Amino acid sequence: MLQHFKTAISGAQILFVAFGAMVLVPLLTGLNPALALLGAGIGTLLFQLMTKRKVPIFLGSSFAFIAPIIAAKVQWGAGATMFGLFAAGFMYFIFAALIRWRGLDAVHKLLPPIVIGPVIMVIGLSVAGSASSMAVGKSGDVQAVEYGTAVLLSAFTFGVTVLVTVFGSKMMKLIPILIGVTAGYLAALCAGIVDFQAVIDAPWFAMPEFMKPEVNWSAAVFMLPVAIAPAIEHIGGIMAIGAVTGNDYTKEPGLDKTLIGDGLGVCVAGLIGGPPVTTYGEVTGAVMITKNSNPVIMTWAAIFAIGMAFFGKFNAFLASIPLPVMGGVMLLLFGTIASLGLKTLIDAKVDLMRPKNLVIVSSTLTVGLGGMAVKVGDVAFAGVGLCALLAMILNAVLPDRE
């Protein structure tokens, strides 16, 4: 009995580590945090079912989809966006089939660093404008929080997050977003700009409001290529947790199984109205620090996440976080995502003096950040999806010369 209790506590700790990043995605994209928790819990359980509970992985909200969700909601509406997110899960199935058929080398050949790097940079930088607007207290064109107060609050939140990221202990560095948002929220309380009325009015327990997907093939085509980056990230995540535990999960249960498990989680999240899920590096870090790699703790984390989805007052509390607090964290977060794309190019020692590489990086960044859209009939290609497709085509057709 005591052992089960210790395992449950370890599961709660895993959820705590993943929590800040997990609920940040729905808060930034206008989705329901309760559905993010529910999707993460169900997605993790489906992943464990597919992998026979052999891999200590927790699936949480994916940052890669923030910009595409915001753009898709504006263009096609929330229901169509959910259908697009559901469709994005099938990209994982495609990769799983490719790996099962031709091995991991086929994926690396199709998506080398010169393709993945600039696409990840676009994912981070495409929402830089939203981060800046929220940091100065703007919601759209409306000044929701007084400018001076907003700047001070976002700067404080940003500063705390940076200090924790650079100078924090190993455990603190796993949750810099959570610590930054908490500090910013307390500062907002002192400034008197937090409205608690919604929290008071909310019931203790409430059924999350599910969002019904609406079939829209343009949204599906838009979202499918977006899943390329998190699918590649998934492969890296599985290798990373394998290095921590000393097990080769790429062979047992196999990358095809783990990709299918992650893809099922993405599909379910889209069906219920939550953000897509992905493997969490923070959780891998927690496993490394605690030396506890028992996959059962991830089961407990998933159960706790599902339970919290029905906690009405808690979700109302999340919705009460002021805009500048979220903006302060976003200033660092989105730049960090873009930096990971740059790191991908540096680690692979990509030579930008080669014409092919220069053409791929420059055109991918311009098309991805410039708002370009290509329409084929009723189907439109734009944003991350369009630039990813362009990068793959250019990489396939251009000769690699000095």
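Note that residues are indexed from 1 along each chain, following the sequence as it is written. For this predicted model, a pLDDT threshold of at least 70 governs which residues receive local features, and a threshold of 80 or more governs which side-chain atom pairs are given and counted, while totals over whole chains, interfaces and linings are taken from all residues. Side-chain metrics in this entry use all non-hydrogen atoms of the structure; hydrogen atoms and water are not considered.

**Overview of the overall build of the protein chain**
Part 1 of the reasoning: Here a strand is any run of E in DSSP of at least two residues, a helix any run of H or I of at least four, and the numbering for each starts at the N terminus. On a plain count of helices and strands, the protein chain comes out with 19 helices and 6 strands.
Part 2 of the reasoning: Put simply, the radius of gyration uses C-alpha atoms, and a globule should come to 2.2 Å times the residue count raised to 0.38. Its C-alpha atoms give the protein chain a radius of gyration of 21 Å, near enough to 21 Å, the size a compact globule of 402 residues would have.
Part 3 of the reasoning: If one aligns the C-alpha atoms of the protein chain with their principal axes, the spans along those axes are about 60 × 55 × 45 Å.
Part 4 of the reasoning: Residue burial is assigned from relative accessible area. The probe radius is 1.4 Å, only protein chains are included, and a residue is buried under 20% of its type maximum, exposed over 50%, and partly exposed in between. Expressed as a percentage of its 402 residues, the buried residues of the protein chain come to 52%.
Part 5 of the reasoning: Reported accessibility uses the Shrake-Rupley method at a 1.4 Å probe radius. Residues are deemed covered only where the shown protein chains occlude them. Of the roughly 17,700 Å² of accessible surface on the protein chain, 68% is carried by carbon and sulfur atoms.
Part 6 of the reasoning: As used throughout, the charge tally considers Lys and Arg to be positive and Asp and Glu to be negative, leaving His and the chain termini uncounted. Charge placement uses NZ in Lys and CZ in Arg. For Asp and Glu, CG and CD serve respectively. On the protein chain, the mean spot of the 22 positive side-chain charges and the mean spot of the 18 negative ones are 9 Å from each other.

**Considering the side chain of Thr161**
Part 1 of the reasoning: Relative to the helices and strands, Thr161 resides in helix H8 (residues 147–167).
Part 2 of the reasoning: Overall, the relative accessible area of 2% leaves Thr161 in the buried class.
Part 3 of the reasoning: If near-sequence neighbours (up to four positions away) are discounted, Thr161 is found in contact with Pro176, Gly180, Val329 and Leu332. For this analysis, residues touch if any pair of their heavy atoms sits within 4.5 Å.

**Looking at the layout of surface pockets**
Part 1 of the reasoning: Here a cavity denotes grid points, spaced 1 Å and computed from the protein atoms alone, that fit a 1.4 Å probe unable to get out, and a pocket denotes an open set having protein on both sides within 12 Å along at least 5 of 7 lines; residues with an atom within 4 Å of a point are the lining. Grid points are joined across faces, edges and corners, and a volume is the space filled by probe spheres set on the points. In this structure, the largest pocket occupies an estimated 1,400 Å³ of space.
Part 2 of the reasoning: As for the largest pocket, its lining consists of 47 residues, and the residues nearest its centre are Phe63, Glu233, Gly281, Glu282 and Leu340.
Part 3 of the reasoning: Sort the elements by how many residues they give to the lining of the largest pocket and helix H12 (residues 228–245) lands first, with 9 residues.
Part 4 of the reasoning: When grouped by side-chain class, the residues that make up the lining of the largest pocket number 29 nonpolar, 14 polar and 4 charged.
Part 5 of the reasoning: Quantified by volume, the second largest pocket comes out at close to 650 Å³.
Part 6 of the reasoning: Around the second largest pocket, the lining comprises 32 residues; the ones closest to its centre are Pro26, Leu27, Leu28, Gly30 and Leu31.
Part 7 of the reasoning: At the level of elements, helix H1 (2–29), helix H2 (33–50), helix H7 (128–135), strand E2 (138–139), helix H16 (312–319) and helix H17 (323–347) are the ones that each hand at least two residues to the lining of the second largest pocket. Gly falls in the polar group here, along with every residue not listed as nonpolar (Ala, Val, Leu, Ile, Met, Phe, Trp, Tyr, Cys, Pro) or charged (Asp, Glu, Lys, Arg).

**A word on the pattern of salt bridges**
Part 1 of the reasoning: Criterion for a salt bridge: a side-chain nitrogen of Lys or Arg within 4 Å of a carboxyl oxygen of Asp or Glu. Per the stated rule, a full pass over the model turns up 4 salt bridges.
Part 2 of the reasoning: Of the charged contacts, one joins Lys54 and Glu252 as a salt bridge, the two residues approaching to 2.3 Å between their closest N and O atoms. Residue Lys54 is found in the loop between H2 and strand E1 (59–61), and its partner Glu252 is found in helix H13 (residues 250–272); the two are separated by 198 residues along the sequence.
Part 3 of the reasoning: Judged by its relative accessible area of 35%, Lys54 is partly exposed.
Part 4 of the reasoning: Asp256 is paired through a salt bridge with Lys257; the nearest N and O atoms lie 3.8 Å apart.
Part 5 of the reasoning: On the accessibility criterion, Asp256 (11% relative accessible area) is buried.
Part 6 of the reasoning: Each of Arg100, Asp256 and Lys257 takes part in a single network of salt bridges with overlapping partners.

**Observations concerning the environment of Phe317**
Part 1 of the reasoning: Turning to its location among the elements, Phe317 is positioned in helix H16.
Part 2 of the reasoning: Under the relative-accessibility criterion, Phe317 is labelled partly exposed at 30%.
Part 3 of the reasoning: When the C-alpha positions of Phe317 and Ala202 are compared, they lie 9.1 Å apart, and in sequence the two are 115 residues distant.
Part 4 of the reasoning: Those residues within four positions of Phe317 in sequence are excluded, and the remaining contacts are Tyr185, Phe196 and Val199.

**As for H7**
Part 1 of the reasoning: For H7, every residue scored as buried is listed here: Ala131, Met134 and Ala135. The arc that holds every buried residue of H7, seen down its axis, measures 100 degrees, which confines them to one face. Relevant arc is that of directions from the helix axis to the C-beta atoms, nothing else.

**Observations concerning the confidence of the model for the protein chain**
Part 1 of the reasoning: Per-residue confidence for the protein chain averages 86 on the pLDDT scale, and 98% of its residues sit at or above 70.
Part 2 of the reasoning: Confidence of the predictor at the level of single residues is given by pLDDT, which spans 0 to 100. Summarising per-element confidence for the protein chain, the mean pLDDT is lowest in strand E6 (residues 379–382) (66) and highest in H2 (94).

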